[in-house]
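# Secondary and tertiary structure notes
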Amino acid sequence: MSEQETLDLAETFASYRRTALAEVEAPGPAAVRRTVRGRGRRRLAATATTALALFGGSAVGYAALSGPDHRPGPVDPTPSISVSPAPTPPSPTPSPAGTSASPTTTVPDGRLSRAQLLGVPVTLPAWRAGPGCPTSQTRLTAEGREGENSLLALDHGDLDGDGAVETVALVQCVLGTRGPMQVVAFDRDEDGKVITLGRVVATTIDKPQWLFALDVVSAGTVRVQVGDIAPGGGWPGEWSQRQWRGYRWNGDGFAQVSGPTTFGRNPHSADVSVTATDLVLTTADDGSRTGTATVRVRNRGTKPVERVDLQLGVPAAVRPDVDGWAPCGGEPQHSSEPVTCLLGRLAAGAEVRLDLSFRVAEGVALGTGKADVRVWAMDTGFRNLLEINDADNQVRMTYR
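A few points on the structure. Remember, it's a predicted structure, so these values are computed and weren't measured experimentally.

### A few points about the sheet that holds strand S15 (residues 339-343)
- Strands sit in the order S15-S13-S17-S19 across an open sheet of four strands; the sheet is antiparallel. Of all the strands in the sheet, just S15 and strand S19 (394-399) have a single pairing partner and so form its edges. Strand-to-strand twist across the sheet, computed as the mean angle between neighbouring axes with direction ignored, equals 20°.
- Sheet topology note: the strand S13 (residues 307-312)/strand S17 (residues 369-378) ladder contains six bridges and is antiparallel. Residue pairing across strands places Leu312 opposite Val373, the latter belonging to S17.

### Overview of the packing of aromatic side chains
- A full pass over the atoms with the stated rule returns three aromatic pairs.
- Taking 5.2 Å as the distance between ring centres and 65° as the angle between the ring planes, the aromatic pair formed by Trp249 and Phe254 counts as edge-to-face.
- Residue class for Phe254 comes out buried when judged on its relative accessible area of 13%.
- Note on Trp325 and Phe358: the rings are 5.4 Å apart at their centroids and 85° apart in plane angle, and the pair reads as edge-to-face. Pair noted here: Trp325 is in the loop between strand S14 (318-320) and S15 and Phe358 is in strand S16 (residues 351-360), with a separation of 33 residues, a long-range link. Comparing Trp325 with Phe358 shows no difference in burial state: the two are buried.
- When the ring centre of Trp244 is taken as reference, the NZ or CZ atom of Arg223 above it lies at 4.2 Å.

### Focus: the sheet that holds strand S1 (residues 149-157)
- One open sheet holds the four strands; their spatial order is S1-S2-S3-S4, and the pairing between them is antiparallel. Across the chains shown, the open sheet's two edge strands, defined by having one partner strand only, are S1 and strand S4 (194-202). Going across the sheet, the axis of each strand differs from the next one's by a mean of 25°, ignoring polarity.
- As judged from the six bridges shared by strand S2 (residues 166-173) and strand S3 (residues 181-188), these two strands associate in the antiparallel manner. By the bridge assignment for S3, Val171 is matched with Gln182.

### Overview of unusual backbone geometry
- Between Lys207 and the following residue, Pro208, the backbone shows a cis peptide bond with an omega angle of 0°.
- One non-glycine residue, Ala219, lies in positive phi territory at about 60°.
- Mapped onto the elements of the fold, Ala219 is located in the loop between strand S5 (210-216) and strand S6 (222-227).

### What to know about the state of the cysteines
- Applying the stated rule across the entire model yields two disulfides.
- The residue that forms a disulfide with Cys133 is Cys173, at a sulfur-sulfur distance of 2.1 Å. Between Cys133 and Cys173, the S-S torsion sits near 85°, and that sign places the bridge as right-handed. Residue Cys133 is found in the loop between helix H4 (114-118) and S1, and its partner Cys173 is found in strand S2; the two are separated by 40 residues along the sequence. Considered together, Cys133 and Cys173 belong to a single accessibility category, that of buried residues.
- For the protein chain, the disulfide bridges join cysteines in the arrangement 1-2, 3-4, where the cysteines are counted in sequence order.

What counts as what
Residues numbered from 1 in each chain as written. Predicted model: local features only at pLDDT ≥ 70, side-chain atom pairs only at ≥ 80, totals over all residues. Heavy atoms only, no water. Pairing = 2+ DSSP bridges. Helix = DSSP H or I, 4+ residues; strand = E, 2+ residues; numbered from the N terminus. Axes fitted to C-alpha atoms, helices over the stretch in contact; angles between N-to-C directions. Phe/Tyr/Trp six-rings, centres within 6.5 Å; stacked < 30°, edge-to-face > 60°. Buried < 20%, exposed > 50% of the residue type's maximum accessible area, 1.4 Å probe, protein only. Lys NZ or Arg CZ within 6 Å of the ring centre and 35° of its normal. Disulfide = S-S within 2.5 Å.

Right, here's the structure in full:
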């Protein structure tokens, strides 16, 4: 460029400044605020453009950043992002009422040996009414002493379904030969102390009168061999009808779940009865006093009775005389009190009448009184049979 051209260009710029700048308003506070707001909008636009670039791709982002004063052009819509909902955590299942979060405790073992059961005090269910043995914190014995609780037998099994073993014991309150009996279940508590779970079965005045054996079988069933009649008093144990009955724990106590519930008529039984008139004594020629009592013995049963034992509880001063005693065996005149008459076989439905004479020696004072007259049915071995109705086996005879 020539020097003249340079001078001309400088003159042109000078003229422009004189003309244009005169029209320019000096920037005041308002202009400054507008400038700041404009810059803020440009920064916001740049930030938005950057965000679009992140979602829309590198080309869009580059175009937005290449011209800071240019408005961004149309942008493809950001694809929607499908988000699976976060799985809702399951609500905690409420614990069953009465349960605890503490660890399960071990169920106590209730297995007791014979020696262990004899070595600790136990509490027994109450004996039936009447004379009995102690029940509270008493020790069982093995000797069978009178007035004590004797341990006869025991067995083991899971009786209450808790997975642990318990103990059942056959115990008798020793009172002569026919003391009451019961089967009792024992367990241990968490401290190892022996506790009483409950009574399984007991003898009664009626039936059963005897308990012979026990064992524990499946499902915690306690089997007990029961007998209708207690042995003793001339009644042999082998004559008792025996039944196995099963008992099981129901949460509150033991209940029968198997076996018979009643006994039929015992084959070693009979039904005999007796009646007697009063004995009225009068003075004889020799000064003694004599009289006769009529006694009737009847077999009310459906089977014959091989022997009948008749006993008359008159005072020792009243002795059998001659008349009426021929059917009696055993020499009644020589029998001590009571006077005994052994009769022979008595058929079913049959009755025997005895007119028995008595004598009181001269000079022996005898007032008025009452004597028991009683009969027993017996077999050929003189063993007493079971009396079906013993209410009519005894009467009272007045003598005077």
